Structure formats: C-alpha cells, structure tokens
Amino acid sequence: MSNIKIIERIEKLLRLSKSDNQHEAELAAQRASELMTKHQISMSSLDVEEMKNETIGQNLYEGETIKRQWVPILADACAKLFDGMVVQKGVSKIFFVGFDEDNKAAQELFRHLYGAWDGIVKRDSKIEKLKRSDTGLFSVDFSQPFNGASYRNSHGLGYANGIRSRVFQLVKDRKKEVQAASVAGTDLIIVKGAALRSYEAGQNWRSSRTSTNNRDRAGYSAGSTAGQSAALGGAIA
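In this text, all values refer to a predicted model and were calculated from it rather than measured experimentally. (Residues numbered from 1 in each chain as written. Predicted model: local features only at pLDDT ≥ 70, side-chain atom pairs only at ≥ 80, totals over all residues. Heavy atoms only, no water.)

Draft legend 1. Representation of the pattern of salt bridges within the structure. Overall, the coordinates contain 7 salt bridges when judged by the stated rule. The shortest N-O distance in the salt bridge between Lys122 and Asp118 comes to 3.5 Å. Here the residue Lys122 and the residue Asp118 both occupy positions in helix α5 (residues 100-131), the gap between them amounting to 4 residues, near one helical turn. The partly exposed category is assigned to Asp118, whose relative accessible area is 25%. The closest approach of N and O atoms between Asp118 and Arg152, which form a salt bridge, is 3.4 Å. Highlighted residues: Asp118 in helix α5 and Arg152 in helix α6 (residues 148-181), separated in sequence by 34 residues. Linked through salt bridges whose partners overlap, the residues forming this network are Asp118, Lys122 and Arg152. (Salt bridge = Lys/Arg side-chain N within 4 Å of Asp/Glu carboxyl O. Helix = DSSP H or I, 4+ residues; strand = E, 2+ residues; numbered from the N terminus. Buried < 20%, exposed > 50% of the residue type's maximum accessible area, 1.4 Å probe, protein only.)

As structure tokens, then:
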C-alpha cells in the first residue's frame, strides 16, 4: 500500500472516530492508532495550513488505573509518540494534551498497552512466585520473600520505562526522516511543537507526580523485557 493510500485510509478512520455510534468510533480510533504507529505517521503528511487552524486541547482520562504510580509514565510515552504530552492532576486524573486526533490515538494505544500489561504481569507473577518457593529454582531476587503488590509495581515500572525508551528513539528517528523527506514535514514539526509549547505556557498547571519505587529487581527486569517487546501498533491486528 502506497504512503498516500495509507494516509487517506487514516484520514477516513479519523473521521469515523467522530461518529455518534460509540462502538464504531472506538473501533475507528483504534485502527487509526495502529496504522499511524505502524507506519510512523503522526499527522506528518497532512496539510500544514490545515494544522495551523487546529487547536490544542485536553482529553481527560481518570480512574483507579491512574493510582498506580508508574501509569502516568506509560501514558506520557503514548502521548509523545503522537506529538503530545500528559499532565497528571491529583492521584486519579491525567490529561492527554495535544491535537484532537493525536490525543485519541494516544489514549487508544495507552488502553491497549495497559490491558496487555495486566495479562503479562499475572503470568510473570505466577512464574516468579514459583521460583521463590522451595522448588530449587531461583531468580535474581531469590533471597526476598515474594510480595505480590511489590512485584506488580516494579514490573509495571519496568514495563513503562521499557516502552518510554523505545518511544524516545522512535520519535527521534521519525523527526529525522520527516525533516529529510520534505520542507512540509519540517514545517509541520515546527507548527505542532510551537502550538504545544504555547498552550503549555498559557496553562496554570500544578501537576502532581508521585515518586516511583523499584523494590523488586526481578519484577522490574521482567517488566522491562515485556516493555521492550510490546506491540505499539494498537489493539486491533
């Protein structure tokens, strides 16, 4: 599929993501997120003048999930992959900040990655608990008694940091490719970056960021491995 066809398909999906049918809208946003990530497209081939007329906004995400100390790190990585950022307010609210389509794609990716982690950590916890039992199998933390909550927190922190390091490199490489490919691509990066900085400067944000503790080395290591191999292409294959 040519790059033009891919962009046209993404644009159609983004329009569908505004449908009044919630299921259809969510499905379209997820599919757009998958294609944008797979082909490293973050609105980069859309008309620059059209982008100048768009405005930065905030999309609220809240719930018990956010209370996990490492979750804002994961959310911010997803936002940065789509040229945005995350601001945390209190212990259970975060805001995805950026252009509307980018925010939607970032949130869908975040939901997908968090859901994937939940299954991975359940599997890894069972394995690690067995390793620390009297079976003769030992892990890097065999001297520590197994603590499920501590293991999960460290695993999540490793997972989020693993994904964040990948996103940092992906964004860096993508900017180089876009800037080398066309003047329009360079202009778009400047426009989006300036818009985000201007929006941030106009906000009276007092973000709340809690410290993250890594108390289980085996948990962190397993989470980091999972984060380094996690699919960033979205929830739908």
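Draft legend 2. Fine view of the pairing of strand β3 (residues 93-98). Within β3, 5 of the 6 residues are buried, which leaves the element mostly enclosed by the surrounding structure. Direction of pairing for strand β1 (residues 57-62) relative to β3: antiparallel, over a ladder of 6 bridges. Paired with Asn59 across the strands is Phe96, a residue of β3. Bridge analysis of strand β2 (residues 85-89) against β3 gives 5 bridges, and the strand direction is antiparallel. Looking at β3, one finds that Val86 is bridged to Phe96. Taking the residues that link successive antiparallel strands as the turn, the β2-β3 hairpin has 3 residues, and the phi of Gly90 there is positive, at about 75 degrees. (Pairing = 2+ DSSP bridges.)

Draft legend 3. Looking closely at the environment of Val91. By the secondary structure assignment, Val91 is in the loop between β2 and β3. For the pair Val91 and Gly63, spaced 28 residues apart in the sequence, the C-alpha separation amounts to 9.1 Å. In contact with Val91, not counting residues within four places along its chain, are Ile66 and Lys67. (Contact = heavy atoms within 4.5 Å.)

Draft legend 4. Representation of the packing of aromatic side chains. In the structure shown here, the tally under the stated rule is 7 aromatic pairs. With a centroid separation of 5.9 Å and 20 degrees between ring planes, the pair formed by Trp70 and Tyr114 is classed as stacked. Placement of the pair is Trp70 in the loop between β1 and α4 (71-81) and Tyr114 in helix α5, with a sequence separation of 44 residues. Side by side, Trp70 and Tyr114 carry an identical accessibility label, which is buried. (Phe/Tyr/Trp six-rings, centres within 6.5 Å; stacked < 30°, edge-to-face > 60°.)

Draft legend 5. Structural detail: the sheet that holds β3. Across the sheet, 3 strands lie side by side as β1-β3-β2; this open sheet has antiparallel pairing. In the strand order of this sheet, the two ends are held by β1 and β2, each with one partner. Within the sheet, the average angular offset between the axes of one strand and its neighbour, ignoring direction, is 25 degrees. In the packing of α4 onto the sheet, the strands contacted are β2 and β3, and the crossing angle to β2 comes to about 150 degrees. Together, β1 and β3 form the strand contacts of α5, whose direction differs from that of β1 by roughly 20 degrees. (Axes fitted to C-alpha atoms, helices over the stretch in contact; angles between N-to-C directions.)

Draft legend 6. Examining helix α8 (residues 217-229) more closely. With 13 residues, α8 should cover 18 Å at 1.5 Å per step; its first-to-last C-alpha distance of 19 Å lies within 8% of that length. The complete set of buried residues in α8 reads Ala218, Gly219, Gly223, Ala226 and Gly227. Viewed end-on, α8 has its buried residues packed into an arc of 165 degrees, placing them on one side of the element. Opposite the buried face of α8, by more than 90 degrees, sit the exposed residues Arg217, Thr225 and Ser229. The backbone nitrogen of Ala218 lies 3.2 Å from a side-chain oxygen of the residue at the head of α8, namely Asp216. (Expected span 1.5 Å × (residues − 1). Arc of directions from axis to C-beta. Polar contact = N/O pair within 3.5 Å; in protein donor to acceptor, adjacent residues only side chain to side chain.)

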